[in-house]
Amino acid sequence: MPKQERTIYLLFLFCKERATPLLLLWMLPFFSNFSGLKAGEISHAPSPVQPLVFEDTVRRFNPSLVLLLTDTSRLAKEEVQSRRFYSRLENLFSRTRLTSRLFDLLFVEPERMTTPPDQLPGNDSTKERHQTVEDKVIGEITIQRLDIFGPSLNDTSRQAANWLMQAGNRFHTPTRKQVIRKTLLIEPGNPADPLALAESERLIRELAFIRDARIFLQPRSPASDTVDVLLLTQDVFPYSVGGSFNGLDESSLRLNNYNLAGFGHIFSSEFLFDQDQQPVLGYRGIYAVQNIGGLFINSRAEFSHTENERHIGGSLQRNFFTSDVRWAGGLQLNRTTLKREVRNISEEQDTLLQYRYHYANAWLGHAFNLGGPTTREAADQQPMLVLAGRFARTNFRERPAVSAEEQAFFHNRILYLGSIGWSSRYYFRDRYIYGFGRTEDVPYGYLINLTFGLENGEFTDRPYAGLSLQRGRYVAGIGYLSGRLELETYFRENGTMEQRLLHLHSRYFSPLMSAGRYRFRQLLSFDYTYGDRRFDHEFLQIGDESIRGLYIGEKRGTQRLALHLETIAFTPFRFLGFETAGFAFADLAYLNSRTYLSLKGSSYTGIGLGLRIRNENFTFNTFQLRASYYPNNAEKSFGFILSAIPSLLFNDFSIGQPGPFQFR
């Protein structure tokens, strides 16, 4: 038994005659923050189920689909220890009816983990256990939908542990099979293409209402050339509620449904009440549909009506979602009225204004698969050459007085842009990076994209040029590294460059490390942004993206460097399905307005500890409790906050619509 669990169990034995299990239940969370190792954290227009799991953790898309037969000797030992500890707790809490019900409500039986959660991408030992099924044909496709609460892809035999989970399963409408089926890139009678199978699995996991998905091949017989497909999926609980309450005069209520009636439609409504505004009751709503008609076209409609914002808009979007897609594009139309503060690099010039504009945007791209591979093994390794074009128009209908040299933010303009890009991307599966155990598809590859075009402005025309370089890879024993370089500039009639931008960003996370039943990662990120001859309304600040929990509104500049170091410790403790992770962080940032690379200017530092809590069965964000210390900031030395944070996403090295980069 790990030292952590042994300590807790000894306390139970010592106190069982003098204290009730209820008292020990209150004490237990205090032990969840300790381990053998030190815990810490990682880490356009105007804005208005299966008993045994077989899986290959590396998506290298070899010419045959592989089934990993896992060595379960180490897993069996950990499972026995976990279940023994679980049984002892259950026996102690079962002495009274009250504590027995509390145990059923709060504790979740450990999963039967048949796949090592810390299995490293690129581990050669996994390749030796591959069992190939080459040159097979897809037979029957069976979709098995698991209950939200209770089972998992690693242990489909588990049942909902208490009445609350059972009620959640009954209340939920499962995703309809036709919604899942239209996301698949395979059909009965097609060859068992490993790339199509792996990409189908990934695309299903990317759906907002799906927690996890996995595909298994089941040969009909050793001599048959037909394999049946079993697809396991598990939804997330689609309902969430949020809002705020600032007394009887001001409050808000937000209702979300990410899987309306099982059709996969997203509907979000927010009601805002403020007695000092007109209208007193405001509304914001979003309705979105993913993968219309199996064409992978996503639609979105937006509407808002408040005193400070009146907006109606809609969009259609189709991306290069796999390397086989040849056409992508999008259309967006907005009509917006805003009343807000237009900020300036000089704080004294900040002005509260009301303005209204119409925005129209359309783009189209075509991908060419170069080289014409002669084998299925090489098909997914070919880079894509992508040509794209874009038209974007911003037309202000209400605004302050403008001139050629002033109020550039409110200038009417049309962008005519084109791009040529070279991209290659792959994915590997991992866990415990930004999630709490769900499968995460981590992209790696490279991207080179050159954008060029013309801004047809109200007072002048300006050519535009931009370059993006990206690279990401996993290095065995070291971890995952990615980097991005962005350059852009506009050209005046006399050849002078303006609105120049240099942006460097890099990210690293270590392999998953284990100490008993605790799992650890180290995360590091670096971000440098430099702007030259930007407009007055374009500037950089110190905010949460630079120093967590710190906002310096009066400090503004055009050059910023930020460094983030984080360590995260995923604990084995689960309460009501919520999992916990302790973290520690250190942030460093510089901000100035110098015209050359310099670390002189305002510097800021933040260090702290915290706890993250998340239930992967739900759609709401991760809860975060964070304590921070800012040693060189006189106005705010300490910070303590409870907040909800969204899950971070990976850059997937795909090419989208041409456009200027964001300077923020």
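Each chain has its residues counted from 1, following the order in which its sequence is written. In keeping with the model being predicted, local features are shown solely for residues with a pLDDT of at least 70 and side-chain atom pairs are shown and tallied solely at 80 or more, while totals for entire chains, interfaces and linings include all residues. Remark: hydrogens and water are excluded; side-chain values derive from all non-hydrogen atoms of the structure.

Participant: Would you mind showing me how to read the overall build of the protein here?
Facilitator: The secondary structure listing takes helices from DSSP runs of H or I that are at least 4 residues long and strands from runs of E that are at least 2 residues long, numbered from the N terminus. Each helix and strand in the protein was counted, giving nine helices and 29 strands. Burial status across the protein gives 50% buried among its 664 residues. Total accessible area on the protein stands at roughly 31600 Å², and carbon and sulfur atoms take up 56% of it. Burial here depends on accessible area, computed with a 1.4 Å probe over protein chains only, as a share of the maximum for the residue type. Under 20% is buried, over 50% is exposed, and the range in between is partly exposed. Accessibility throughout is a Shrake-Rupley quantity obtained with a 1.4 Å probe, and a residue counts as covered only by protein chains that appear here.

Participant: Sorry if this is basic, but what is going on with the sheet that holds strand β5 (residues 210-219) here?
Facilitator: One key point about sheets: their strands pair by backbone hydrogen bonds, in either a parallel or an antiparallel sense. Strands are labelled as partners when DSSP assigns at least two bridges between them. Pairing is mixed across the open sheet formed by three strands, whose spatial order is β4-β6-β5. Among the strands making up the open sheet, the edge pair consists of β4 (137-146) and β5. Put simply, the sheet's adjacent strands are angled 20° from each other on average, direction ignored. The criterion used for residue contact is that any of the two residues' heavy atoms lie within 4.5 Å. Every axis in this analysis is a line fitted to C-alpha atoms, fitted for helices over the stretch in contact. Angles between the N-to-C directions lie between 0 and 180 degrees. Helix α8 (residues 194-205) contacts β4, β5 and β6 (226-235) of the sheet and is inclined by roughly 155° relative to β5.

Participant: Would you mind showing me how to read the environment of Ala392 here?
Facilitator: Its location among the elements puts Ala392 in strand β15 (residues 384-398). When the C-alpha positions of Ala392 and Tyr359 are compared, they lie 7.5 Å apart, and in sequence the two are 33 residues distant. Excluding anything up to four places from it in sequence, Ala392 contacts Tyr359, Ala360, Asn361, Arg413, Ile414 and Leu415.

Participant: Help me understand the environment of Asn344 in this model?
Facilitator: The topology assignment puts Asn344 in the loop between β13 (327-342) and β14 (351-369). In this structure the C-alpha to C-alpha distance between Asn344 and Asp536, which are 192 residues apart in sequence, comes to 5.5 Å. Not counting residues within four places of it along the chain, the set of residues in contact with Asn344 comprises Gln349, Asp350, Asp536, Phe539 and Arg556. Among the polar contacts made by the side chain of Asn344, one reaches the main-chain amide nitrogen of Ser346 at a distance of 3.0 Å. For the purposes of these results, a polar contact is taken to be a pair of N or O atoms within 3.5 Å, where, inside protein, one atom must be able to donate a hydrogen and its partner to accept one; residues adjacent in sequence count only when each atom of the pair is a side-chain atom.

Participant: How do you make sense of the nonpolar core when you look at a structure like this?
Facilitator: What tends to happen in soluble globular proteins is that the nonpolar side chains get buried as a cluster. Working definition of a nonpolar core: buried Ala, Val, Leu, Ile, Met, Phe, Trp, Tyr and Cys residues. They are joined through side-chain atoms within 4.5 Å. The biggest cluster of nonpolar side chains holds 27 residues, and the ones touching the most others in it are Tyr355, Tyr357, Phe410, Ile542, Ile547, Leu550 and Tyr604. A per-element tally of this core places β14 first, with four residues.

Participant: Got a minute to help me understand a nonpolar patch on the surface in this structure?
Facilitator: On the surface, a cluster of nonpolar side chains totalling about 460 Å² of accessible area is made up of Val241, Leu253, Leu255, Phe271 and Leu281. Inspection of the secondary structure puts Phe271 in strand β9 (residues 265-274). Note on patches: the residues involved have over 30% relative accessible area and no salt bridge, like charges join within 9 Å, and the nonpolar side chains Val, Leu, Ile, Met, Phe, Trp and Tyr join within 5 Å. Salt bridge, as used here: a side-chain nitrogen of Lys or Arg that lies within 4 Å of a carboxyl oxygen of Asp or Glu.

Participant: Could you clarify how one ought to interpret α8 in this entry?
Facilitator: Three or four residues apart is the spacing at which side chains of an α-helix point the same way, because the helix has 3.6 residues per turn. A helix is expected to reach a length of 1.5 Å times the quantity of its residues less one. In this model, α8 (twelve residues) spans 17 Å end to end at C-alpha, consistent with the 16 Å of a helix rising 1.5 Å per residue. Burial within α8 is extensive, with twelve of its twelve residues counted as buried. Every buried residue of α8 is accounted for by Pro194, Leu195, Ala196, Leu197, Ala198, Glu199, Ser200, Glu201, Arg202, Leu203, Ile204 and Arg205. Structurally, the start of α8 carries an N-cap: the backbone nitrogen of Leu195 is 3.1 Å from a side-chain oxygen of Asp193.

Participant: What is the right way to read the pattern of salt bridges from this model?
Facilitator: Taken as a whole and assessed by the stated rule, the structure comprises 28 salt bridges. Here Glu206 ties to Arg202 by a salt bridge, and the two come within 2.7 Å at their closest N and O atoms. Its relative accessible area of 1% is what places Arg202 among the buried residues.

Participant: I tried to follow the pairing of strand β10 (residues 281-292) on my own but got confused; where do I start?
Facilitator: For a regular strand, the rule is simple: side chains alternate between the two faces of the sheet. Where β9 meets β10, eight bridges bridge the pair, whose relative direction is antiparallel. Among the inter-strand pairings, Ser268 is bridged to a residue of β10, identified as Ile286. The hairpin formed by β9 and β10 contains six residues between the paired strands. Sheet topology note: the β10/strand β11 (residues 297-305) ladder contains eight bridges and is antiparallel.

Participant: Is there a simple way to explain the packing of aromatic side chains in this structure?
Facilitator: Working definition: an aromatic ring pair is given by the centre-to-centre distance plus the angle between the planes. The pairing test for Phe, Tyr and Trp rings, Trp by its six-membered ring, is centres within 6.5 Å, and the orientation test on the planes gives stacked under 30 degrees, edge-to-face over 60, and tilted for anything in between. For the structure shown, the criterion picks out 33 aromatic pairs. Taking the centre distance of 6.4 Å and the plane angle of 35° together, the rings of Phe171 and Phe237 count as tilted. Of the two residues, Phe171 sits in helix α6 (residues 163-171) while Phe237 sits in the loop between β6 and β7 (239-245), which places them 66 residues apart along the sequence. Seen from their ring centres, Phe237 and Tyr239 are 5.3 Å apart, and the 65° between their planes marks the pair as edge-to-face. Phe237 gets classed as buried once you look at its relative accessible area, which sits at 12%.

Participant: Help me out: how do you make sense of the pairing of strand β22 (residues 518-532) in this one?
Facilitator: Taken across its 15 residues, β22 has twelve buried, putting it largely inside the fold. One ladder, built from ten bridges, connects strand β20 (residues 497-509) with β22; its direction is antiparallel. Bridging from a neighbouring strand, Leu501 pairs with Gly531 of β22. Of the strand pairs in this sheet, strand β21 (residues 513-515) and β22 are connected by three bridges, and their pairing is antiparallel. Residue pairing for β22: Ser514 is matched across the bridge by Arg519. Connecting the antiparallel pair β21 and β22 is a turn made up of two residues, with Gly516 showing a positive phi of about 70°. Both β22 and strand β25 (residues 559-575) contribute to a ladder of twelve bridges, which runs antiparallel. Across the sheet, the residue bridging to Phe526 is Leu563, located in β25.

Participant: What is the right way to read unusual backbone geometry from this model?
Facilitator: Keep in mind that most residues, glycine aside, have a negative phi and that most peptide bonds are trans. The omega torsion across Gln278 and Pro279 is 0°, close enough to zero to call that bond cis. With respect to the helices and strands, the residue Pro279 is situated in the loop between β9 and β10. Positive phi is not limited to glycine here, since Ala261 has a value of about 55°. Along the chain, Ala261 turns up in the loop between β8 (250-260) and β9. Unlike most non-glycine residues, Phe653 shows phi in positive territory, near 60°. Position of Phe653 relative to the elements: it lies in the segment after β29 (638-645). For Phe653, a relative accessible area of 2% puts it in the buried group.

Participant: Looking at this structure, how should I read the side chain of Asn162?
Facilitator: Structurally, Asn162 can be placed in the loop between β4 and α6. A distance of 3.0 Å separates a polar atom in the side chain of Asn162 from the backbone nitrogen of Met165.

Participant: It is not clear to me how the confidence of the model for the protein should be interpreted in this structure. Could you clarify?
Facilitator: Detailed conclusions should not be drawn from predicted coordinates in areas where pLDDT is low. A residue's pLDDT is the confidence the predictor assigns to it, expressed on a 0 to 100 scale. Put simply, the protein has an average pLDDT of 81, and 78% of its residues get 70 or more. Per-element averaging of pLDDT across the protein places helix α5 (residues 124-127) at the bottom with 32 and strand β12 (residues 309-318) at the top with 97. Note that pLDDT drops below 50 for residues 1-76; the model gives that stretch 212 contacts with residues more than four away or on any other chain.

Participant: Help me understand α6, please; the structure alone is not making it clear to me.
Facilitator: Turning to α6, its buried residues number three or more, namely Met165, Gly168 and Asn169. Looking down the long axis of α6, one finds its buried residues gathered within 100° of arc, a one-sided arrangement. More than 90 degrees from the buried face of α6, the exposed residues found are Trp163, Arg170 and Phe171. Between the side-chain oxygen of the N-cap and the backbone nitrogen of Leu164 there are 3.0 Å, and the N-cap of α6 in question is Asn162. Directions drawn from the helix axis to the C-beta atoms are what define this arc.

Participant: I keep staring at the environment of Arg534 and nothing clicks. Help me out?
Facilitator: Tracing the backbone shows Arg534 in the loop between β22 and β23 (540-542). When its relative accessible area of 13% is taken as the criterion, Arg534 is described as buried. Put simply, Arg534 and Thr489 are 45 residues apart on the chain and 9.8 Å apart in space, counted from C-alpha to C-alpha. Dropping the residues within four chain positions of it, Arg534 is found in contact with Glu488, Gln499, Arg500, Leu501 and Phe663.

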